[in-house]
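Given next are the chains, with one letter for each unit.
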Amino acid sequence: LHNGKGGSWKYTIGLVGKPSAGKSTFFNAATAFARQRGGDEVNEDGVAIGGASMAPHPFTTIDPNIGCCLIPAPDGSCPEDDLRKSGSDSGAGAGSWKDAFGSIATTHGRDSYGRRLIPVMLKDVAGLVPGAYQGRGRGNKFLDDLTDADVLIHVLDSSGTADSEGNKLVVDVVGDDGEDAVGSHPIDDLGWIFNELIQWVYFNLKTKWDTVARKGRAKLAGMLSGYKQSMSFVWDVLVEFEKYMYQKQGRDNALDHLETWDEGDLYMLVSAFLSARFPVGLALNKYDIPSAKKFCEEIIQALPIHGAHSGTTMSAHEEMKYVRQNIYSVLGGDLGKAKIDIKSVSPPHGVWNCLQSAIKLREPILVFPVVDMETFEPLPGLNELAINNFSLPNAGMISCLEAAGGAAPTLWNRERVAYSHVNCSNDEQLRDVLILKQGSTVEDVFSSLKGMGALSGEFVRAEAAGKIGDKPNLVKKDEKLGRHNRIIKIMTTKRREWQKKL
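Residues numbered from 1 in each chain as written. Predicted model: local features only at pLDDT ≥ 70, side-chain atom pairs only at ≥ 80, totals over all residues. Heavy atoms only, no water.

What am I meant to see in the overall build of the protein chain here?
Helix and strand content of the protein chain: 17 helices and 16 strands. Expressed as a percentage of the 502 residues in the protein chain, the buried residues total 54%. In the protein chain, the share of contacts with a sequence separation of at least 24, taken over all contacts with a separation of at least 6, comes to 74%. Within the structure as shown, the protein chain displays about 21,100 Å² of accessible surface, and the carbon and sulfur contribution to it stands at 48%. (Helix = DSSP H or I, 4+ residues; strand = E, 2+ residues; numbered from the N terminus. Buried < 20%, exposed > 50% of the residue type's maximum accessible area, 1.4 Å probe, protein only. Contact = heavy atoms within 4.5 Å. Areas by Shrake-Rupley, 256 points an atom, 1.4 Å probe, with all protein chains shown as cover.)

Can you walk me through empty space enclosed by the protein in this structure?
Where empty space is left can be seen by rolling a probe of water-molecule size over the atoms. Under the defined criterion, the tally for this structure stands at one cavity of 30 Å³ or more. Here the largest cavity is characterised by a volume of approximately 50 Å³. What lines the largest cavity is simply Val16, Leu152, His154, Leu190, Ile193, Phe194, Leu197, Val280 and His306. Looking at the lining of the largest cavity, the elements with two or more residues in it are strand S7 (151–157) and helix H5 (186–206). Looking at which element gives the most residues to the lining of the largest cavity, the answer is H5, with four residues. Here the residues of the lining of the largest cavity sort into seven nonpolar, two polar and no charged. (1 Å grid on protein atoms, 1.4 Å probe; cavity = no way out; pocket = protein on both sides within 12 Å on 5 of 7 lines; lining within 4 Å. Points joined across faces, edges and corners; volume = space filled by probe spheres on them. Nonpolar A, V, L, I, M, F, W, Y, C, P; charged D, E, K, R; others polar.)

In this structure, what is going on with unusual backbone geometry? I would like to understand it.
The residue after Leu303, namely Pro304, is reached through a cis peptide bond having omega -5°. Tracing the backbone through its elements, the reader meets Pro304 in the loop between helix H10 (292–302) and strand S9 (308–313). At Lys228, a position not held by glycine, the phi torsion is positive, near 50°. Looking at the secondary structure, you find Lys228 in the loop between helix H7 (217–225) and helix H8 (231–249). One non-glycine residue, Lys286, lies in the positive phi region at around 65°.

Just checking my understanding: could you explain the packing of aromatic side chains for this structure?
For any pair of aromatic rings, the description consists of the separation of the ring centres together with the inter-plane angle of the planes. All told, the structure shown has 11 aromatic pairs when counted by the stated rule. Taking the centre distance of 5.8 Å and the plane angle of 75° together, the rings of Phe446 and Phe459 count as edge-to-face. Pair noted here: Phe446 is in helix H16 (residues 442–451) and Phe459 is in strand S14 (residues 456–465), with a separation of 13 residues, a long-range link. Under the relative-accessibility criterion, Phe446 is labelled buried at 7%. For Phe459, a relative accessible area of 16% translates into the label buried. Of the aromatic side chains, those joined through ring pairs into one cluster are Trp209, Phe241, Tyr244 and Trp261. (Phe/Tyr/Trp six-rings, centres within 6.5 Å; stacked < 30°, edge-to-face > 60°.)

In this structure, what is going on with helix H9 (residues 263–277)? I would like to understand it.
Helical geometry note: an α-helix holds 3.6 residues per turn, so side chains three or four residues apart project in the same direction. End to end, H9 covers 21 Å across 15 residues, agreeing with the expected 21 Å (1.5 Å per residue, within 8%). Burial in H9 covers these residues: Asp265, Leu266, Leu269, Val270, Phe273, Leu274, Ala276 and Arg277. The buried residues of H9 occupy one face: seen down the axis, they fall within an arc of 160°. At its buried positions, H9 is contacted by H5, helix H6 (209–215), H7 and H8. Capping of H9 at its N-terminal end is provided by Asp262; its side-chain oxygen lies 3.1 Å from the backbone amide nitrogen of Gly264. (Expected span 1.5 Å × (residues − 1). Arc of directions from axis to C-beta. Polar contact = N/O pair within 3.5 Å; in protein donor to acceptor, adjacent residues only side chain to side chain.)

Help me understand the pairing of S7 in this model?
Consecutive residues of a regular strand have side chains that alternate between opposite faces of the sheet. Most of S7 is tucked away: seven of the seven residues are buried. Here S7 shows a buried face lined by Val151, Ile153, Val155 and Asp157 and a second buried face lined by Leu152, His154 and Leu156. Looking at chain direction, strand S1 (residues 12–16) and S7 are connected through four bridges and run parallel. Looking at the pairing, Gly14 lines up with Leu152 of S7. Where S7 and strand S8 (residues 280–285) come together, six bridges link them in parallel fashion. Each bridged residue has a counterpart across the sheet, and for His154 the counterpart in S8 is Leu282. (Pairing = 2+ DSSP bridges.)

Help me understand a positive patch on the surface in this model?
Taken together, the side chains of Lys208, Arg214, Lys215 and Lys219 present a region of like positive charge at the surface. In this fold, Lys208 is placed in the loop between H5 and H6. A relative accessible area of 48% means that Lys208 is categorised as partly exposed. (Patch = residues over 30% accessible without salt bridge, like charges linked within 9 Å, V, L, I, M, F, W, Y side chains within 5 Å. Salt bridge = Lys/Arg side-chain N within 4 Å of Asp/Glu carboxyl O. Lys, Arg positive; Asp, Glu negative; His and termini not counted. Charge placed at Lys NZ, Arg CZ, Asp CG, Glu CD.)

What is the right way to look at the sheet that holds strand S16 (residues 487–494) in this model?
Think of a sheet as strands paired side by side through backbone hydrogen bonds, with each pair either parallel or antiparallel. In spatial order, the strands read S13-S10-S16-S14-S15; together these five strands make up an open sheet with mixed pairing. Pairing within the sheet leaves two strands with one partner each, and these edge strands are strand S13 (434–436) and strand S15 (473–475). Going from strand to strand, the sheet's axes swing by 40° on average, the running direction of each strand aside. (Axes fitted to C-alpha atoms, helices over the stretch in contact; angles between N-to-C directions.)

Looking at this structure, I do not really get the side chain of Ser77. What am I missing?
Of note, Ser77 is situated in the loop between strand S5 (65–72) and helix H2 (81–87). On the basis of relative accessibility, which here comes to 5%, the residue Ser77 falls in the buried class. Reaching out from Ser77, the side chain makes a polar contact with the backbone oxygen of Pro74 at a distance of 2.6 Å. Once residues within four sequence positions are removed from consideration, Ser77 is found in contact with Glu363, Leu366, Phe368, Arg483 and Arg486.

Can you walk me through the pattern of salt bridges in this structure?
Note that side chains of opposite charge can pair when their charged atoms are close. A complete count under the given rule lists 19 salt bridges for this structure. A salt bridge links Arg217 to Asp256; its shortest N-O distance comes to 3.0 Å. On the criterion of sequence distance, the pair formed by Arg217 in helix H7 and Asp256 in the loop between H8 and H9 is long-range, its members being 39 residues apart. Members of the salt-bridge network, linked through shared partners, are Glu80, Arg110 and Arg116.

In structure tokens, the structure reads:
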């Protein structure tokens, strides 16, 4: 399913889960405590370092925390990925991928596996409790906060040591097999939370069903598009569901006979719509608790289940401590003194891998604009964004990346502790990347670059290639983008100052 109209994609991932599952801890590890809106996390010395508030009790988060996180680009989506794979088979921390990349640059750095990091918005909402669609807990406010998310990560307490409302239960002994855990089973949590989402949309439709049934499929499509999705996306879902109704129940043109639908039909449609609208990846959190291992194995074997398609085990708390300690080291002074043994906690590999698995559920098109198809030099018109964009990682996250064996953004100047073009070469290959919706065309790239001030004038022609070393080919304005034409040069009628010098 496509999003409909192409163009730039302000990709957003929503974090859901019951209270105290670790959503805000995951958020802080992913964003390096750099939220754009939300609370201020305070350390044990009473110093505010930013980030989402974290505490071992329900509803620590009330209003959503919103911040920019870094995600490893989906495997194979970047032109240099072939070099990374051929240059290194030894995993995280290996130096050979750094040698293989040479002068290939990045705006946001690389993780310890050499994967290019791309910026995505992350939204941490209040914990969900049973009956939220009826107003319990944060109720519909929580659900409304999710409507701008493109995919969801369900942060699941995989230890089974808390009830459905996040209240910690006293457990004398929890065996490795999880048999003594007395909280809710993580699979049960997964089921009722996805059902809350279904009930939310289901009851919104049911209360107006008489009007919907009378006005027909157009009214139904209009209501579903209200969940911040394009009409073309909604129609794709409806057409597929109508085919299903015919194949499984022999009901031809079911959308033309909405007056014959019962509650079960409506429930199935809503379930199908939400599975497409909000694909879910699982953060199997608290894996460091002994009871979690068995539960995680059961969940991973059961996938896909309750709207979830992938699962990543982690201890968000341990990974958050690694990120926080690197922030302390950058701040210096008393905060720079070791609060924990950095070797005793893990880099945020689990968080990064979970984020990557989520974005792959609705994968964007990555496009690499260049000024020259031989040298792959970046557009000078993007130089300012490469050092001043709000999404660039802060010093704490850069410290974390480097400590974990990754690489800082190309334009990060360690001496100045800031982004700068000083002492940087002018031939940073494939530095910039555009995040576009599926179905985007060459014209969408032109429009995006023009809107960013990188190009001006009218479109003349463009040439593109898919891999480093490929011969570029001319491409038309209406040609759809993919991995075969992701490196692109666009020529226009009106040259900006930097173009006049070429």
